[in-house]
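Read off the chains here:
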Amino acid sequence: MGFPTEDDMELVTATVRLTVPPGSAAVMVKNLYLSCDPYMRSRMTRHKEPSYVPDFVPGEVLTAFGVSKVLESGHSGYKAGDLVWGIIGCEEYTLVTNPESLFKISHPEFPLSYYTADTVVSLFTNCATRKLIIQACLALLHMLGFFDVAKPKKGEYVFVSAASGAVGQLVGQLAKITGCYVVGSAGSDEKVNLLKTKLGFDDAFNYKKEKDLNAALKRCFPEGIDIYFENVGGAMLDAVLLNMRLHGRVSMCGLISQYNLEQLEGVRNLFCIVTKRIRVEGFMVTEYFGTYSKFEEEMAGYLKEGKITYVEDVAEGIENVPAALIRIFYGRNIGKQLVAVARE
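These numbers were taken from a predicted model, which means no experiment stands behind them.

S.K.: Whenever I open this one, unusual backbone geometry confuses me. Can you help?
M.R.: Most peptide bonds adopt trans geometry, and most residues besides glycine take a negative phi value. A positive phi angle is found at Lys151, which is not glycine, with a value near 50°. Among the secondary structure elements, Lys151 is positioned in the loop between helix 2 (133-150) and strand 7 (157-160). Positive phi, normally seen in glycine, also occurs at Ala162, with a value near 50°. Along the chain, the position of Ala162 falls in the loop between strand 7 and helix 3 (168-178). On the accessibility criterion, Ala162 (30% relative accessible area) is partly exposed.

S.K.: Sorry if this is basic, but what is going on with the nonpolar core here?
M.R.: Taken as a class, soluble globular proteins show a tendency for nonpolar side chains to be buried jointly. Membership of the largest hydrophobic core comes to 35 residues, with the highest contact counts inside it found for Phe146, Val158 and Val160. For this core, the secondary-structure elements that each account for two or more residues are helix 2, strand 7, helix 3, strand 8 (181-186), helix 4 (189-197), strand 10 (225-230) and helix 8 (292-305). If one sorts the elements of this core by residue count, helix 2 sits on top with 5 residues. By size, the runner-up hydrophobic cluster in this structure holds 32 residues, among which are Leu32, Trp85, Ile318 and Val341.

S.K.: Help me understand the sheet that holds strand 8 in this model?
M.R.: In sheet architecture, strand pairing relies on hydrogen bonds along the backbone and comes in two forms, parallel and antiparallel. Strand order in the open sheet formed by 6 strands is 9-8-7-10-11-12, and the pairing between neighbours is parallel. Whereas interior strands pair on both sides, the edge strands pair on one side only; in this sheet they are strand 9 (203-206) and strand 12 (279-282). Each adjacent strand pair in this sheet contributes to an overall mean axis angle of 15°, direction not counted. Pairing geometry for strand 7 and strand 8, over 4 bridges, is parallel. Residue pairing for strand 8: Val158 is matched across the bridge by Val182. Lying over the sheet, helix 4 contacts strand 8 and strand 9, oriented at roughly 175° with respect to strand 9.

S.K.: Hey, could you run me through the layout of surface pockets in this one?
M.R.: Estimates place the volume of the second largest pocket at around 1,200 Å³. Contributing to the lining of the second largest pocket are 37 residues, with Glu10, Gly59, Glu60, Val61 and Leu62 lying nearest its centre. Looking at the lining of the second largest pocket, the elements with two or more residues in it are strand 4 (93-96) and helix 9 (321-328). Ranked by residues supplied to the lining of the second largest pocket, first place goes to strand 4 with 3 residues. Split into classes, the residues belonging to the lining of the second largest pocket amount to 21 nonpolar, 5 polar and 11 charged.

S.K.: When you look at the packing of aromatic side chains in this model, what are you seeing that I'm missing?
M.R.: Aromatic ring pairs are defined here through the distance separating the ring centres and the angle between the ring planes. Taken as a whole and judged by the stated rule, the model has 12 aromatic pairs. Cluster of aromatic residues (ring-pair linked, three or more members): Tyr157, Phe159, Tyr181, Phe205, Phe221 and Tyr228. When the ring centre of Tyr78 is taken as reference, the NZ or CZ atom of Lys104 above it lies at 5.7 Å. Note that Arg332 overlies the ring of Tyr330, its terminal NZ or CZ placed 4.4 Å from the centroid.

S.K.: Teacher, can you tell me more about the pattern of salt bridges here?
M.R.: When the charged atoms of two side chains with opposite charge come close together, those side chains can pair. Summed over all chains, the structure comprises 14 salt bridges. A salt bridge links Glu281 to Arg279; the shortest N-O distance between them is 2.3 Å. Taking the relative accessible area as the measure of exposure, Arg279 reaches 36% and is therefore partly exposed. Linked through salt bridges whose partners overlap, the residues forming this network are Lys79, Asp82 and Lys104.

What counts, and at which threshold
Residues numbered from 1 in each chain as written. Predicted model: local features only at pLDDT ≥ 70, side-chain atom pairs only at ≥ 80, totals over all residues. Heavy atoms only, no water. Helix = DSSP H or I, 4+ residues; strand = E, 2+ residues; numbered from the N terminus. Buried < 20%, exposed > 50% of the residue type's maximum accessible area, 1.4 Å probe, protein only. Core = buried A, V, L, I, M, F, W, Y, C linked by side-chain atoms within 4.5 Å. Pairing = 2+ DSSP bridges. Axes fitted to C-alpha atoms, helices over the stretch in contact; angles between N-to-C directions. Contact = heavy atoms within 4.5 Å. 1 Å grid on protein atoms, 1.4 Å probe; cavity = no way out; pocket = protein on both sides within 12 Å on 5 of 7 lines; lining within 4 Å. Points joined across faces, edges and corners; volume = space filled by probe spheres on them. Nonpolar A, V, L, I, M, F, W, Y, C, P; charged D, E, K, R; others polar. Phe/Tyr/Trp six-rings, centres within 6.5 Å; stacked < 30°, edge-to-face > 60°. Lys NZ or Arg CZ within 6 Å of the ring centre and 35° of its normal. Salt bridge = Lys/Arg side-chain N within 4 Å of Asp/Glu carboxyl O.

That is the geometry; function is a separate question.
Encoded structure:
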C-alpha cells in the first residue's frame, strides 16, 4: 500500500533475438511510445480476490498500452513496417504472442503518441496521428464510455475532474463539441489556465486552493450538474453528489485519489442518488475495443479540423519509465504522460 516509488521498479539489460520463432504466429515489434496510466497502480498490489486486470508479477516485465513498429511477423495480418498499438512490454522490443490483441494504426500522419493513452475507449471516438495516436486512442475509448453512459445533450452542464489528464481533456472538449457547458478541476493554476485557454473549457478551478469543494461547485454550477465524469473519487465525489440535478448521470472512469491510500475514504452523500434519481455507472475501456474502428475516423476529422487539441507530457528513454509513472500519482504531469522509447 501507499505511493509507489522508483525503487519498486528496476531497469534490466538483456540480449534478445529480434526474430519470430519458426512456425510461430507471433509478431516482433520495436516499441516507440509507452503510456503511463493510473490503472497500473492497481496492478502493483497483490489482490486476494482477482481484480479486473491481472496483478503484475514481481520480477517480470511491466506491460502497458503502447505504439510499436512491426519488425518481423509470423501472422498473416501483419507485416514488417506496420505501425500498431496495444498492450506491450515496458521494454525496447516485445515478442507479441497474441497479435490479435493489436490494432493497426490507420492514420500515421498524426503523432503516433496519440495512440498510447487509455483514453481511446473513454469517449466514443478515435484518434489519429503519429505521436498522439496511442494516447488519443485509449482516451477515445474512455470517451466512448462517457457518451454511452452519460448520453450528453446540448445545453447540459458537465463537470470533469482531473480534467487536464489523458482522458479528462478529451471528454471536456467532446462535451463542448456536443454543445454542453463544461467545467473542469485540476491540481495547479497552470493546469487550470490550460483548461480555460488551450482546451476550451468554460470554467475551471484548482481544487487544492478550494477550502470548500461544495461551495466551489455551487459557484461554477449555480443551476447544478447534469453529468459528472468521475476520475478522482473521495471528497470530490461527495461534493458533486450534493450538486447533481434531478436525473443526473455519473460516468465512473477512475478514483485516482484512492489508489495509494492505506485506508480508503468513504462517501457520505450516497442518499442523493436516491432523492435526485441519479444514475451512477462504471465502464471498462475493453468493452469498447469492438467499436474502435468506427470512431477512429470521427476523431481524425476533429483533429484535422482543429476542433480537438491534445496535450502530452513526454519523457525520453526507456530508463525513465519508473519516474514517469510515479509522476502521475503526484499530479506532476501536464496532460497525458507517456514515454518515448524510440522516435522511429
